[in-house]
Structure formats: structure tokens, C-alpha cells
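What the coordinates show
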Amino acid sequence: MIDKGRFFVPGPTEVRPEVLDALRRPMIFHRHKEMEELMRRVTARLGAVFGTRRPVHVLTGSGTSAMELAIRNGTKRRVLAVIHGDFGERFARMAEACGREVVRLTAEPGGVVPLEQVRQALVRGGFDAVTATHSETATGVLGDIKVIGEMVRELGGDDVLLLVDAVSAAGATPIDADAWELDAVVSASQKALALPPGLAFAAVSERFVARARTLRDRGVYLDVLRYEEFAGKFQSPTTPAVSLLFALDKQLADIEQETLAARFARHLAMTAVCTAFVSRAEAAGLGVSLLAGPGRYSPSVTCIRSDRSGEILKGMREQGYELGGGQPPLAKTTFRIGHMGDHTVTGVEAMLGVLDRVLRNL
Ligand code: PMP
């Protein structure tokens, strides 16, 4: 078991004992008033996290389930996929698996797709949706979702929907779904919201719901129209993960106390500490470097290049710290620090002190 404050995997992230305690509450019936009151509180607070006045749907499932909801209800025939790493590629493959044709714009590892390329693709047209990743957990890169949103609206009008994977972004960095006119913003509980895995979130626009009404292959479990219908009564279509909702209720109240602004600032500070450390370590000849380009850093995960990633992870484990391995195709050449959720700058600094020793003793 890893001690408190030492679990730096980029999801699931560490969950505070107070939040874990909420999981122990006795069951309530999900069609009773008590659950409706809980869902009313949760919906309002999730709205602030996703920047929407519309309900944020809560699914029992991992982040992938909400991504699939976005694809199945928000795409028709041809999708433009903006890919900054393995998770962007998964979104593209998922659209293909759902029978859509996909055109990929794929960035170099650690880079982003130039916005001009996105513009040109949209000008050529023929797409009914665009997929993009806000914080690409595989590479530690933050995409420019707001600008992509503006482009999609400018060039696609109401006919092209923008579907955003915010799995490692929600709760770590501002998202303004309504103002940026994003059509689906999906996330999961185990990342910057610092809950156990098992819940997924989907904030969808009215345009998205209108699109869903025209599609026949929405399925049942991920049919957004069912979520819309039940959201009106602050209920979920199927039995929700009641215990996880208790934890969500507690955690969102605590996040409100901290304030989102302070939470975002804390995430930026954790990123700054990590990236500065890696730059110093690189200059000192310790064989590490940042994968993401300057100014592109994710607020929740730092991806570090090293030929000795396996040894570094092992060395950290021996010191009682768990970091994350690399994602394909960078599995052997990178490792990742997840600094999200309720981690602190002090905790990150302590971890980096240990990482420094591990690197020097390789
Ligand atoms: N997208 C991103 C950006 C992620 O970080 C993850 C999880 N690492 C996923 C999608 C998939 O989420 P899940 O494992 O919860 O299905």
C-alpha cells in the first residue's frame, strides 16, 4: 500500500480519507426525495466545473462511457479527430468502431496540431463532428479547446459539433462549455475531481441534444435523451452508483469551499514546480526532458522523456512513491507524474526531492 500523499499516478489519483468515508453511508433509494436533493446539489456544482447552466449528466461507468455517449449521440457520418496523443487516438478509433468515417490530424509526440491545419480541414468540410482532447493525459499537453470551439462554430455553424474529452481537465483547469459553445464535454471521477473511479460526466449542448434526436443508433445505456429526460427530475435513468454519489456530493462541496479559482491556481503551481524540476534535471545531465513543448503543459500531468523510465518507476516505488508509466507509443520512453485533484504543491515538492535522488543514483 502506498502512503497518503505519495500516489502520483495520472488517474486514478489519490482520494482523501474524508471522501472515502462518504462511501460508507447507508444506502438510499434512488427514486426518493433524498437522492433528488443530492442530485440537485451535485448538478449545480458540476455546472460550475464544466461552465454550463445545463444539467451535467452523471453516468455509472468510466470516462470511456461518456466518450462513447458523445460519439453515439453526437456524430453522424464523418468525424475530424484532432489527436495529441493516445487518448485522442482512442476517441478516433471509437468513432470508427461506431461506424463513422474518421479523418485524423495527429500531432508529433508532445506537440499540438497546428490550429491552421484544423482550420484548413474545416474549410474543406464534409464533417459533422470534431473530437479533441483538452488535457492529453498520454503526453501532458493542453489543447486549445476554446480556439478550436470558435473555429468550429465559425466554419461549421450548427452542423458541426465539437466533442471534448476533458477527462484529466475537469476540476484542474477552467472549462466554459456554454461560453465556448462546446457540444459535449466528458470527464470521469478519478482524475482532477479526486474521487474513486466509476463515475463519468457529460455536459452536452442543446445543439447536441437536437442532433441526438435525429440519430437512430443511440442504443439504450448511453442514450443521451434518456439522461435528459431524467435530469429534469434530478434522477438517473438506471440505478446510480449511490455510494460514489455520496462521495461526489462531499467532494464537490469541498471544492466549492476551496473555490475553483484556487483549485486551478494550485494545479498551475503543481505543473510549474514539476516542469521547472525537469528542466533543471535536464540541464544537470540527469537524462530526462519534458515531452510537451513550452506553454503547452497540462495542469494535471507532466510527461517526462527518459530511456530509463522503468528503472525510475522502480526506484520511486522502492521509496514508497507510485508514478505513472508511459502510454503507447511512448510506453518505454516516457513516464508521467499525475499532479491533480487534491495533491498539494508541498506534496509535489517532497516527491520531486525523492525523484531527484533516484535520478542521481541511476
Ligand atoms: N481520456 C483521457 C484524456 C484520459 O486520461 C483517460 C483515462 N486515463 C480516458 C480518456 C479514459 O478514461 P477511463 O479510463 O476512465 O475510461
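This write-up is about the structure you can find in this document.

**Here we look at the layout of surface pockets**
Sizing a probe to match a water molecule and rolling it over the atoms shows the empty space that remains. Approximately 200 Å³ is the volume found for the largest pocket. Forming the boundary of the largest pocket are 15 residues, of which T64, F87, R90, V167 and K191 lie nearest the centre. Counting residues per element, the ones that place at least two in the lining of the largest pocket are helix 3 (63–74) and helix 4 (86–97). Looking at the lining of the largest pocket residue by residue, the classes come out as four nonpolar, eight polar and three charged. For the second largest pocket, the lining is made up of 15 residues, of which G85, D86, T106, A107 and P329 are closest to its centre. Classifying every residue of the lining of the second largest pocket gives seven nonpolar, five polar and three charged. Composition of the lining of the second largest pocket by domain shows at least three residues from each of domain 1 (7–13 + 260–360) and domain 2 (17–257).

**Re the pairing of strand 12 (residues 301–305)**
Across a regular strand the side chains alternate sides, sitting on one face of the sheet and then on the other. Most of strand 12 is tucked away, with four of its five residues classed as buried. Where strand 11 (residues 289–290) and strand 12 come together, two bridges link them in antiparallel fashion. Paired with L290 across the bridge in strand 12 is I304. Where strand 12 lies against strand 14 (residues 334–338), five bridges are found, and the strand directions are antiparallel. What sits directly across from T302, in strand 14, is I337.

**What to know about the environment of Y221**
You can see Y221 is positioned in the loop between helix 7 (206–214) and helix 8 (224–231). The exposure class of Y221 is partly exposed, given its relative accessible area of 38%. Spatially, the C-alpha atom of Y221 lies 24 Å from that of G11, the residues being 210 residues apart in sequence. With near-sequence residues (within four places) excluded, Y221 lies in contact with T60, Y227 and T238. Among the polar contacts made by the side chain of Y221, one reaches the main-chain carbonyl oxygen of T60 at a distance of 3.0 Å.

Reading the values: the criteria
- Residues numbered from 1 in each chain as written.
- Predicted model: local features only at pLDDT ≥ 70, side-chain atom pairs only at ≥ 80, totals over all residues.
- Heavy atoms only, no water.
- 1 Å grid on protein atoms, 1.4 Å probe; cavity = no way out; pocket = protein on both sides within 12 Å on 5 of 7 lines; lining within 4 Å.
- Points joined across faces, edges and corners; volume = space filled by probe spheres on them.
- Helix = DSSP H or I, 4+ residues; strand = E, 2+ residues; numbered from the N terminus.
- Nonpolar A, V, L, I, M, F, W, Y, C, P; charged D, E, K, R; others polar.
- Domains from an automatic or database assignment.
- Buried < 20%, exposed > 50% of the residue type's maximum accessible area, 1.4 Å probe, protein only.
- Pairing = 2+ DSSP bridges.
- Contact = heavy atoms within 4.5 Å.
- Polar contact = N/O pair within 3.5 Å; in protein donor to acceptor, adjacent residues only side chain to side chain.

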